[in-house]
Amino acid sequence: MPVKYITVNPRSELFAPAVRAFGNIAIVGRAGFGTPTTDPVRFTSPVSAAEKLKSLGGTTLTAQATKGDKKATVAAKVPAPVLVRFTDATQAGHVQSEVHTVTAVSTPSTGAAATFDLTLDSELSAAYSVGTKVTQESDSDLATAIRTAFAQTPPPTVVWGVPLAPDSPKWEDGLTEVDKLDVQIVLLARTPLASNSSDNTDALTKLKNHVTADLGDGKERIGVAMLDQGVTTDELATLVVPPLIDERMVLIAHKSPDDVAAALAGVIAGCEPHISLLLKPISVAMPDVFSDNEIDAFNQVGVNWITKPVLLPGQALYLGEGYTSDWSHDKKYVDIVRVLDDINFRIKAALIPALGNVRLSRVGLRTVETVVQAVLSPLVARQVIDGFGVVIPLLTLLDKDTADLIPVEAEEISTARANRSVDMSVEVVYAGAIHRLTIDLVLKG
């Protein structure tokens, strides 16, 4: 047997770096009637979302419903018009079910427990006993928004649904639930900005306050909202105003009955942060497009719009621009905000293991500088950014000979070591995508 002076047992411990998605969506919206206060629900497909949201809500009959009746009495308030399903599974081996449209709902009766009388569009084909389950068959605002977000190409990976009561939604409570989620895009389902709806304006203001709040490292996000399809260009001056104007808010104009805010969120989620939204396809029903004068008005106030360019084959619908609603801080486009958020996360995630371990010395600060370079160099290679620079003022002082330090510089080093705090500046050059081309076409005979 050979003599072993040094014994080494090699092993590997795989390291998983911190990562985050670039397009997780949180949608806060009205759920089906009878939905209780629940935690946010994570969805990866529109089918599972529809089934799960329907199972959360519903109510029951509080009185016998006779065959041939066009009325039913239930325990929860039901919005009208809405499609409902009666399901009686009390009979052994047989499930009795039928669907009707509720055309009207009476004022709740007085008594120990409030009940609501529903007027149906047609007669019941069978009798239903007390306790029969009554559920919302048509999609709620929340389910519709989730379905629309997933309908984009490519679709988002994860959509979180935050159900609220349909009759009196508490938007602030829903947004508080979103605080703890790993999402980058937030919107309110079917809540358009309209001149005749102060409630929607208040709700969207809460959305803006949410996305601009300091929620902690790695939780930077943007908010998406749509204008009402009936908004005219003359109303823009009074609608698109503070506090809704912010670099973290994205507004879109449209002529569609769909939840276009959810569609736009789905488009954003399907693109990497550095990809411009310009001329990205959007899947909504919109037979008519905007005129040149309307587009000019939207451009003036930072509102995005949907177009159907003649130069692109297929006559599909595309985003005409990728604006944020505030240009005052040189963040005119959505991709600028998202790239900065992404780089912010990458640098913090790479540096946090160094805290408490790296020494406050020349070698230690060189390590910090190298970590940042390791994060940003691949982004330069992928042409996400054009270049970068890292400056650590304290490292410049530590590189000097001790004898050459003036008293102020020596004091600065001493203070940094006492406080164990280091300042660092990272400058990133972001080129962005071309949005306009000017061509001189000259014909010579």
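These numbers were taken from a predicted model, which means no experiment stands behind them.

Reading the values: the criteria
- Residues numbered from 1 in each chain as written.
- Predicted model: local features only at pLDDT ≥ 70, side-chain atom pairs only at ≥ 80, totals over all residues.
- Heavy atoms only, no water.
- Buried < 20%, exposed > 50% of the residue type's maximum accessible area, 1.4 Å probe, protein only.
- Helix = DSSP H or I, 4+ residues; strand = E, 2+ residues; numbered from the N terminus.
- Arc of directions from axis to C-beta.
- Contact = heavy atoms within 4.5 Å.
- Salt bridge = Lys/Arg side-chain N within 4 Å of Asp/Glu carboxyl O.
- Phe/Tyr/Trp six-rings, centres within 6.5 Å; stacked < 30°, edge-to-face > 60°.
- Lys NZ or Arg CZ within 6 Å of the ring centre and 35° of its normal.
- Patch = residues over 30% accessible without salt bridge, like charges linked within 9 Å, V, L, I, M, F, W, Y side chains within 5 Å.
- Areas by Shrake-Rupley, 256 points an atom, 1.4 Å probe, with all protein chains shown as cover.
- Pairing = 2+ DSSP bridges.
- Axes fitted to C-alpha atoms, helices over the stretch in contact; angles between N-to-C directions.
- Expected span 1.5 Å × (residues − 1).

*Asks:* Tell me about helix α3 (residues 171–178), residues and numbers included.
*Replies:* Within the sequence span of α3, burial applies to Trp171, Gly174, Leu175 and Val178. Down the axis of α3, the buried side of the element spans an arc of 95 degrees, and every buried residue falls inside it. Each element contacted by the buried residues of α3 is listed here: β1 (25–30), β9 (159–164), β10 (185–188) and α4 (198–212).

*Asks:* Please set out the pattern of salt bridges residue by residue, giving values where relevant.
*Replies:* Tallying each qualifying case throughout the model produces 17 salt bridges. Where Arg248 meets Asp341, a salt bridge forms, and the shortest distance between an N and an O atom there is 2.7 Å. Separated by 93 residues along the polypeptide, Arg248 in the loop between α5 (236–239) and β12 (249–252) and Asp341 in helix α8 (residues 334–351) bring together distant segments of the chain. Take Arg248 and Asp341: they sit in the same class, and that class is buried. Across the salt bridge formed by Lys400 and Glu409, the nearest N and O atoms sit 2.9 Å from each other. Looking at Lys400, the relative accessible area reads 33%, which means it is partly exposed.

*Asks:* Describe the packing of aromatic side chains, and please don't skip the residues or the numbers.
*Replies:* Aromatic ring pairs are described here by two measures, namely the spacing of the ring centres and the angle between the planes. What the rule picks out here adds up to 4 aromatic pairs. On the basis of an interplanar angle of 55 degrees and a centroid distance of 5.1 Å, the ring pair of Tyr323 and Trp327 is categorised as tilted. Taking relative accessible area as the criterion, Tyr323 reaches 3% and is therefore assigned buried. Relative accessible area serves as the criterion here: at 31%, Trp327 is assigned to the partly exposed category. These aromatic residues form a ring-pair network of at least three members: Tyr323, Trp327 and Tyr333. Directly above the aromatic system of Trp327 lies the positively charged group of Lys332, at a separation of 4.4 Å from the ring centroid.

*Asks:* Could you give me a rundown of unusual backbone geometry, with the residues and numbers involved?
*Replies:* Of the consecutive residues Thr153 and Pro154, the connecting peptide bond is found in the cis state with omega at -10 degrees. At Arg190, a position not held by glycine, the phi torsion is positive, near 40 degrees. For Arg190, the position within the fold is in the loop between β10 and α4. You can call Arg190 partly exposed: its relative accessible area is 28%. Its identity as a non-glycine residue notwithstanding, Gln315 has a phi of 55 degrees, on the positive side.

*Asks:* Give me the lowdown on a nonpolar patch on the surface, citing residues and values where you can.
*Replies:* A cluster of nonpolar side chains, namely Val3, Tyr5, Ile6 and Val8, defines an oily patch on the protein surface of about 550 Å² accessible area. Relative to the helices and strands, Val3 resides in the segment before β1. For Val3, a relative accessible area of 62% translates into the label exposed.

*Asks:* Describe the sheet that holds β1, and please don't skip the residues or the numbers.
*Replies:* Spatial ordering of the open sheet is given by β2-β9-β1-β10-β11-β12, a layout of 6 strands whose pairing is mixed. Two strands close off the open sheet at either side, each with one partner strand: β2 (41–43) and β12. When strand polarity is set aside, the average angle formed by the axes of neighbouring strands in this sheet is 25 degrees. Bridge analysis of β1 against β9 gives 6 bridges, and the strand direction is parallel. Considered in β9, the bridge of Ala26 is made with Trp160. Strands in contact with α4 are β10, β11 (222–226) and β12; relative to β10, the strand with the most contacts, it is inclined by about 165 degrees. Each of β1, β10, β11 and β12 is contacted by helix α6 (residues 260–269), which is oriented at about 140 degrees to β11, the strand it contacts most.

*Asks:* Which residues make up helix α11 (residues 407–419), and what values go with them?
*Replies:* Taking 1.5 Å of rise per residue, the 13 residues of α11 would be expected to cover 18 Å, and the 18 Å separating its terminal C-alpha atoms lies within 8% of that figure. Listed in full, the buried residues belonging to α11 are Glu409, Ile413 and Ala416. Projection of α11 onto a plane perpendicular to its axis shows the buried side chains occupying an angular sector of 65 degrees, all on one side. Projecting away from the buried face of α11 at angles above 90 degrees are the exposed residues Pro407, Val408, Ala418 and Asn419. At its buried positions, α11 is contacted by α10 (393–398).

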